[in-house]
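In case you want the letters, here they are:
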Amino acid sequence: MKPTSQKKVTKPLLTRIAEQLVKDQQELDHLAVQLSLGKAEVKDKFESLKEKLKASLHAFKVDLKEVYNDNKEWSVGFKEKLTHLEEQLSASKAETKEVFKAQKKNILQAMDLVKEEIKANPEVHKASDFFTAASENARLQIRLFEMKWGSKEKVLTGFRAEMKKASEKVDEIIAEAKSNKQKAEVKLQGFNTEIHEAYNHFKKAIKSL
């Protein structure tokens, strides 16, 4: 007897993004503490981030194949920008802060180009949410790396306060996703106001370090 095929269950979009926000918060919290206490090297964490973002970029490319074909007029330029970002992420290890800053500039500029392409092509939106989340997370980590490179500062009071606010906002988004299934299933064009607010708290937490 052939095994019964099982249909893949897809969680509502808002639920999946809320879960990603929780992961982002946990990762940023752990990373900030490690760096502030001198338990991790910034340059090693930067290399790890580059690899993770490359993996997210690859997954994004796979998802894009489901929503467009190479004959689409805009797809050629878009693929070129994705390839350009991938090249920046493949740069050699940043051993000094000067090299890090140069790579940071190139990576952020390349991500901005991809972001502009996503905004300009509505067809891409349905495949872009988690790449957008990955790039937002990457921007926050890069900011943290720049602040903590060579720093021995260990004060985390302000950071903890802002991360608590972020956690409260994420909890609100999760509760909304659970209580309002219809809204959770609606296709979001980028991030809504509440999700932006959560990321803004992440940014404020990093600035407080």
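Here the structure is a predicted model, which means the values were calculated and not measured.

### Let's talk about the overall build of the protein chain
Counting secondary structure elements, the protein chain contains eight helices and zero strands. Accessible surface, the protein chain as shown: approximately 12100 Å² in total, 50% of it carbon and sulfur.

### A few points about the confidence of the model for the protein chain
Low pLDDT means the predicted coordinates in that region are not meant to be read closely. Summary statistics for the protein chain give a mean pLDDT of 79 and a share of 79% for residues scoring 70 or more. Within the protein chain, the lowest mean pLDDT, 49, falls on helix α7 (residues 181–185), and the highest, 92, falls on helix α4 (residues 97–120).

### Details of a positive patch on the surface
Judged by side-chain charge, K115, K119, R143, K203, K204 and K207 come together as a positively charged surface patch. The set of elements that each furnish at least two residues to the positive patch consists of α4 and α8 (193–207). Looking at the positive patch, the element that brings in the most residues is α8, giving three residues. The topology assignment puts K115 in helix α4.

### Focus on the nonpolar core
Judged by nonpolar contacts, the single largest core of 49 residues is most densely connected at L21, F60, F78, L85, F145 and F202. The set of elements that each furnish at least two residues to this core consists of α1 (13–36), α2 (42–64), α3 (75–89), α4, α5 (125–148), α6 (157–179) and α8. For this core, the element with the highest residue contribution is α5, accounting for eight residues.

### A few points about α4
Between the first and last C-alpha of α4 there are 34 Å, a value that for 24 residues agrees with the 34 Å anticipated at 1.5 Å per step. Among all positions of α4, only F100, Q103, K104, I107, A110, M111, V114, E117 and I118 are buried.

### Examining the pattern of salt bridges
In total, this model carries 12 salt bridges according to the counting rule given. The shortest N-O distance in the salt bridge between E27 and K52 comes to 3.0 Å. Within this pair, whereas E27 is found in helix α1, its partner K52 is found in helix α2, the two being separated by 25 residues in sequence. Looking at K52, the relative accessible area reads 46%, which means it is partly exposed. Between D44 and K93 there is a salt bridge, and its shortest N-O distance comes to 2.9 Å. Residue D44 is located in helix α2, and its partner K93 is located in the loop between α3 and α4; the two are separated by 49 residues in the primary sequence.

### Some remarks on the packing of α3 against α4
Two quantities define a packed helix pair, namely the angle between the axes and the distance from one axis to the other. One can describe the packing of α3 onto α4 by two numbers: an axis separation of 9 Å at closest approach and a directional angle of 160°. Considering the angle they form, α3 stands roughly antiparallel to α4. At the point where α3 passes α4, the crossing takes the left-handed sense. Between α3 and α4, the contacting residues are F78, K81, L82, H84, L85, Q88 and L89 on the first element and N106, I107, A110, M111, L113, V114, E117 and I118 on the second. By residue class, the composition of the contact of α3 with α4 is 10 nonpolar, three polar and two charged.

### Focus on α3
When the terminal C-alpha atoms of α3 are compared, their 21 Å separation across 15 residues agrees well with the 21 Å that a helix rising 1.5 Å per residue should span. Buried residues of α3: S75, F78, L82, L85, Q88 and L89, and no others. All buried residues of α3 project into a common sector of 145° when viewed along the axis, lining one side.

### Digging into the environment of Q103
On the secondary structure map, Q103 appears in helix α4. Separated by 13 residues in sequence, Q103 and S90 have C-alpha atoms that sit 10.0 Å apart. Ignoring anything within four residues of it in the chain, the contact list for Q103 reads F46, K50, A91, S92, K93 and A94. Within the local environment of Q103, its side chain forms a polar contact with the side chain of K50, the two groups lying 2.8 Å apart.

Quick notes on the rules
- Residues numbered from 1 in each chain as written.
- Predicted model: local features only at pLDDT ≥ 70, side-chain atom pairs only at ≥ 80, totals over all residues.
- Heavy atoms only, no water.
- Helix = DSSP H or I, 4+ residues; strand = E, 2+ residues; numbered from the N terminus.
- Areas by Shrake-Rupley, 256 points an atom, 1.4 Å probe, with all protein chains shown as cover.
- pLDDT = per-residue confidence, 0-100.
- Patch = residues over 30% accessible without salt bridge, like charges linked within 9 Å, V, L, I, M, F, W, Y side chains within 5 Å.
- Salt bridge = Lys/Arg side-chain N within 4 Å of Asp/Glu carboxyl O.
- Lys, Arg positive; Asp, Glu negative; His and termini not counted.
- Charge placed at Lys NZ, Arg CZ, Asp CG, Glu CD.
- Core = buried A, V, L, I, M, F, W, Y, C linked by side-chain atoms within 4.5 Å.
- Buried < 20%, exposed > 50% of the residue type's maximum accessible area, 1.4 Å probe, protein only.
- Expected span 1.5 Å × (residues − 1).
- Axes fitted to C-alpha atoms, helices over the stretch in contact; angles between N-to-C directions.
- Parallel < 35°, antiparallel > 145°, perpendicular 65-115°, else oblique.
- Left-handed = near helix turned anticlockwise from the far one by under 90°.
- Contact = heavy atoms within 4.5 Å.
- Nonpolar A, V, L, I, M, F, W, Y, C, P; charged D, E, K, R; others polar.
- Arc of directions from axis to C-beta.
- Polar contact = N/O pair within 3.5 Å; in protein donor to acceptor, adjacent residues only side chain to side chain.

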